[in-house]
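Okay, here's what each chain looks like letter by letter:
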Amino acid sequence: MDKVMKNKTAIFLFMFPATFLFIAIIGVPIFMSVHYSLLDWNGITEGTFIGFQNYIELFKSPSIRFVKVIGNAFLLAILSVFIQLPLALWLAISLARGIKGERFFVTIFFIPVLISTVVIGQLWLKIYNPQYGIINAGLRAIGFDHLTRTWLGDQKTALFAVFVPILWQYVGYHMLLMYAGIKSISSSINEAAMIDGAEGWQMSKYITIPLLKPVLQVCVIFAVTGSLKAFDLIYVLTNGGPAHASEVPSTLMVSMIFGRNRYGFGSAIAICIIFLCFFFAILIKKFFRTEVE
Amino acid sequence: MHRKKVKKSKKITFIVLCIWAIIQIFPLYWMLTFSLKDNSEIFGENIIGLPKKWLWSNYQVALTTGNMARYFLNSTIVTVGTIFLTTIAALMATYALKRMVWRGQETANNIFMLGLTVPIHAAILPVFIMLRNLKMTNSYQALILPYSAFALAMAILISNSFIDNIPRELEEAACIDGCSIYGIFWHIILPLMKPALSTIGIFIFLQAWNELMFAVIFISDSTYRTLSVGIQTLSGSYTTSWGPIGAALVIATFPTLFLYSFMSQKIQESLVIGAVKG
């Protein structure tokens, strides 16, 4: 048996497809991206090595305003953590405590998560449409004509208008994770607490939420890194416009690389996104660890 | 008195849940209805009601002149290809990582798991350049290979947790009977890993079917466009008539909702497993 399990040829053959895919499409490209980010390169001619110039330009250039672009992503992360997650938690707790139609609600709330972001984006484009969209039509119907806007075309409203569908789409995802987490808390703990006189929201505060910490950590990490990486819905709705009002790092990266052929500069943005994601994932883990202690 | 209070708060909770359900589902209801309407209904006469005249021709327009039939086929090919490639690669790797004995298998597993945290941003430009140099942009492989690579970590994670439930005695017995390592993998492990397949498949289906960033950049030729890119093109060319776009959106969403209506519980479980383990 041991001899069979140590068969070197078999190990190589079994490992080969996964390893090849992984190295060729994830491993090597990471290093290439770092290398590109140090080049002044348009993708056609030979690139020239310019050290950290791209990064310096990124944070100093007044026309790019990268700090504001990152700020937009942070704003989305904050809204996500402080609006989307509490809402999801409330839904999860309410459902898990047992209510008429529990399964039905879980199933319904999860539907938007499954649907392609392009479909969701196109749908919200129509919802926001200044002439015929249901938001403006609704406002006109109840006599609030003065509140109608070109939601996505107005620099003042564009950013929040793209955030709403993002938050809307993923509430159900967090809800489901939390709901599954609550359901897996053993009923004997709940019974013990109930005998001790805990009830309703007291129970949630002292029993459910503390025991749910590992799941909450996952949710916060997803919410924050997801916000920092956000691309699809913003690309479909505004592509960062008007006048960069709703620009986020990912849309800026794509338009720099594939719109303006600034390969080196765009790669520097990619590296920043990756760095931020790792940095915050570690930070959040640290935060939850000290919390638990 | 006390019981009354609890009952009342339950009622309020129930009403709020209903309102939220409407908020979550209304855009989809609206999509379904306006996919069957003509412009005059959509734009004023009948904005949120059911269609007065059921205009199935919107679907015909979307499928033929809108090219949705082609995009649908492309998405299917890419998704099926990705599921197939990822599952095979992941199951083989899992077997070597979890059951066979070699130096560095722990490290190899950990490196694969790092893949869970790498955003696709890290790879998009280098992979694009590679594909361009190999003259492979605008092909099915241009999407299947990157999708598989990025789905791999999750697929290995899921199959790792399933393979632990298969008792080793089966393999030992087969080994004594003279079965080769490949025979053990093929005749014993693969059939027993079937429960893992649906979980992995669901995961990859949702990722590949809905992916946008790679698809937008690697595919410019309409012959290979997937649904997400195709819809973008379509909405660019049908800005003034919404019916066909609505139909296109319904067509793109249909497979997902169809699957979900049959196996909602399984789909929910799969996504929870993936998230919590990762």
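These numbers come from a predicted model, not from an experiment.

Analysis parameters
Residues numbered from 1 in each chain as written. Chains lettered and ligands numbered in written order. Predicted model: local features only at pLDDT ≥ 70, side-chain atom pairs only at ≥ 80, totals over all residues. Heavy atoms only, no water. Helix = DSSP H or I, 4+ residues; strand = E, 2+ residues; numbered from the N terminus. Rg over C-alpha atoms; globule rule 2.2 N^0.38 Å. Buried < 20%, exposed > 50% of the residue type's maximum accessible area, 1.4 Å probe, protein only. Contact = heavy atoms within 4.5 Å. Areas by Shrake-Rupley, 256 points an atom, 1.4 Å probe, with all protein chains shown as cover. Lys, Arg positive; Asp, Glu negative; His and termini not counted. Charge placed at Lys NZ, Arg CZ, Asp CG, Glu CD. Core = buried A, V, L, I, M, F, W, Y, C linked by side-chain atoms within 4.5 Å. 1 Å grid on protein atoms, 1.4 Å probe; cavity = no way out; pocket = protein on both sides within 12 Å on 5 of 7 lines; lining within 4 Å. Points joined across faces, edges and corners; volume = space filled by probe spheres on them. Phe/Tyr/Trp six-rings, centres within 6.5 Å; stacked < 30°, edge-to-face > 60°. Buried area = accessible area lost by both parts, 1.4 Å probe. Salt bridge = Lys/Arg side-chain N within 4 Å of Asp/Glu carboxyl O. Polar contact = N/O pair within 3.5 Å; in protein donor to acceptor, adjacent residues only side chain to side chain. Nonpolar A, V, L, I, M, F, W, Y, C, P; charged D, E, K, R; others polar. Axes fitted to C-alpha atoms, helices over the stretch in contact; angles between N-to-C directions. Parallel < 35°, antiparallel > 145°, perpendicular 65-115°, else oblique. Arc of directions from axis to C-beta. Left-handed = near helix turned anticlockwise from the far one by under 90°.

> Where do I start with the overall build of chain A in this structure?
For chain A, the count of helices and strands is 14 helices and 2 strands. Whereas a compact globule of 293 residues would reach a radius of gyration of roughly 19 Å, chain A reaches 24 Å, over 25% beyond that. When the backbone C-alpha atoms are referred to their principal axes, chain A occupies close to 80 × 75 × 35 Å. Scored against the burial criterion, the 293 residues of chain A give a buried share of 55%. Partitioning the intrachain contacts of chain A with sequence separation of at least 6 by distance along the chain shows that 67% fall at a separation of at least 24. In the form shown here, chain A has an accessible surface area of approximately 13,600 Å², with 67% of it arising from carbon and sulfur atoms. Considering chain A, the positive charge centre built from 22 side chains and the negative charge centre built from 14 side chains are found 2 Å apart.

> Help me out: how do you make sense of the side chain of Thr94(B) in this one?
All names here are of chain B. Structurally, the position occupied by Thr 94 is in helix H4 (residues 68-98). On the basis of relative accessible area, Thr 94 is assigned to the buried category, the value being 0%. Beyond its immediate chain neighbours, meaning those up to four positions away, Thr 94 contacts Arg 99, Ile 156, Ser 159, Asn 160 and Ile 163.

> Would you take a moment to explain the nonpolar core for this structure?
For soluble globular proteins, nonpolar side chains are generally found buried alongside one another. By size, the foremost hydrophobic cluster in this structure holds 203 residues, and its most contacted members are Phe109(A), Met178(A), Tyr95(B) and Phe218(B). Sorting elements by how many residues they give to this core places helix H4 (residues 66-96) of chain A first, with 16 residues.

> Help me understand the layout of surface pockets in this model?
Leftover empty space is mapped by rolling, across the atoms, a probe with the size of a water molecule. What the second largest pocket holds in volume is close to 750 Å³. Lining the second largest pocket are 23 residues, and of these Arg97(A), Glu199(A), Gly200(A), Trp201(A) and Met203(A) sit closest to its centre. Every element with two or more residues in the lining of the second largest pocket is listed here: H4, helix H8 (158-184), helix H9 (187-195) and helix H10 (200-211) of chain A together with helix H1 (2-34) of chain B. Among the elements that take part in the lining of the second largest pocket, H1(B) stands out by supplying 6 residues, more than any other.

> Can you walk me through the packing of aromatic side chains in this structure?
Aromatic ring pairs are reported here in terms of the distance separating the ring centres and the angle at which the planes meet. Here the structure, examined in full by the defined rule, presents 41 aromatic pairs over all chains. With a centroid separation of 6.0 Å and 50 degrees between ring planes, the pair formed by Phe14(A) and Tyr182(B) is classed as tilted. With Phe14(A) in helix H2 (residues 8-36) and Tyr182(B) in helix H9 (residues 181-192), the pair connects residues from two separate chains. Its relative accessible area of 3% is what places Phe14(A) among the buried residues. Residue classification places Tyr182(B) among the partly exposed positions, given a relative accessible area of 37%. Judged by centre distance (5.9 Å) and plane angle (20 degrees), the rings of Phe275(A) and Phe279(A) are stacked. Here Phe279(A) and Phe275(A) lie together in helix H14 (residues 263-292), a separation of 4 residues that amounts to about one turn. For Phe275(A), a relative accessible area of 53% gives the class exposed. Clustering of aromatic rings is evident, with ring pairs tying together Phe258(A), Phe128(B), Tyr147(B), Phe150(B), Phe214(B) and Phe218(B).

> Honestly, the environment of Ala196(B) in this entry has me stumped. Any pointers?
Residues and elements named next belong to chain B. For Ala 196, the position within the fold is in helix H10 (residues 194-210). When its relative accessible area of 0% is taken as the criterion, Ala 196 is described as buried. Sequence-wise, Ala 196 and Ile 176 are 20 residues apart; in three dimensions their C-alpha atoms are separated by 27 Å. Apart from the residues within four sequence positions on either side, Ala 196 is in contact with Ile 158 and Phe 162.

> Which parts of the structure should I look at to understand the interface of chain B and chain A?
Taken together, the contacts link 88 residues of chain B with 85 residues of chain A. The largest per-residue losses of area from chain B upon contact with chain A belong to Leu17(B), Gln24(B) and His121(B), which jointly make up 8% of the total buried on that side. Across the chain B-chain A interface, the total number found is 0 salt bridges. Inspection of the region where chain B meets chain A yields 13 residue pairs in polar contact (both at pLDDT 80 or more). When residues in the side of chain B that touches chain A are grouped by element, the largest group, 18 residues, is from H1(B). Here the residues of the side of chain B that touches chain A sort into 67 nonpolar, 16 polar and 5 charged.

> Can you walk me through empty space enclosed by the protein in this structure?
Residue and element names in this part refer to chain B. Across all of its chains, the model carries 2 cavities of 30 Å³ or more by this definition. Roughly 50 Å³ of internal volume is contained in the largest cavity. For the lining of the largest cavity, the element with the most residues is H1, which contributes 3 residues. A per-class count over the lining of the largest cavity returns 1 nonpolar, 4 polar and 2 charged. Space inside the second largest cavity adds up to approximately 40 Å³. Secondary structure elements with two or more residues in the lining of the second largest cavity: H10 and helix H12 (227-237).

> Quick question: what am I supposed to make of the packing of H2(A) against helix H7 (residues 141-163) of chain B here?
A pair of packed helices is captured by two measures, namely the crossing angle of their axes and the spacing between those axes. It is the contact of H2(A) with H7(B), at a shortest axis distance of 9 Å, that shows an interaxial angle of 105 degrees. As judged from the angle between their axes, H2(A) and H7(B) are roughly perpendicular. On H7(B), the residues touching Ala18(A), Leu21(A), Phe22(A), Ile25(A) and Ile26(A) of H2(A) are Leu145(B), Pro146(B), Ser148(B), Ala149(B), Phe150(B) and Leu152(B). Its residues placed into classes, the contact of H2(A) with H7(B) shows 10 nonpolar, 1 polar and no charged.

> Hey, could you run me through helix H3 (residues 53-60) of chain A in this one?
Turning to H3(A), its buried residues are Asn54(A), Tyr55(A) and Leu58(A). Looking straight down H3(A), one finds its buried side chains confined to an arc of 100 degrees; they lie on one side.

> Would you take a moment to explain the packing of H4(A) against helix H11 (residues 213-229) of chain A for this structure?
All names here are of chain A. For the pair H4 and H11, interaxial distance at closest approach is 8 Å and the crossing angle is 145 degrees. Here H4 and H11 pass one another in a crossing that is right-handed. Within the contact between the two elements, H4 uses Ala 73, Phe 74, Leu 76, Ala 77, Ser 80, Val 81, Leu 85 and Leu 89 and H11 uses Leu 216, Cys 219, Val 220, Ala 223, Val 224, Ser 227 and Leu 228. Of the residues belonging to the contact of H4 with H11, the class tally is 13 nonpolar, 2 polar and no charged.

> I'm lost on unusual backbone geometry in this one. Help?
Note: most peptide bonds trans; most residues except glycine with negative phi. Here Gly241(A) and Pro242(A) are connected by a cis peptide whose omega angle stands at -15 degrees. Topologically, Pro242(A) is positioned in the loop between helix H12 (232-237) and helix H13 (249-259). A positive phi angle, close to 55 degrees, is found at Asn261(A), a residue other than glycine. With a relative accessible area of 34%, Asn261(A) lands in the partly exposed category. Positive phi outside glycine occurs at Lys135(B), with the angle close to 55 degrees. Along the chain, Lys135(B) turns up in the loop between helix H6 (124-133) and H7.

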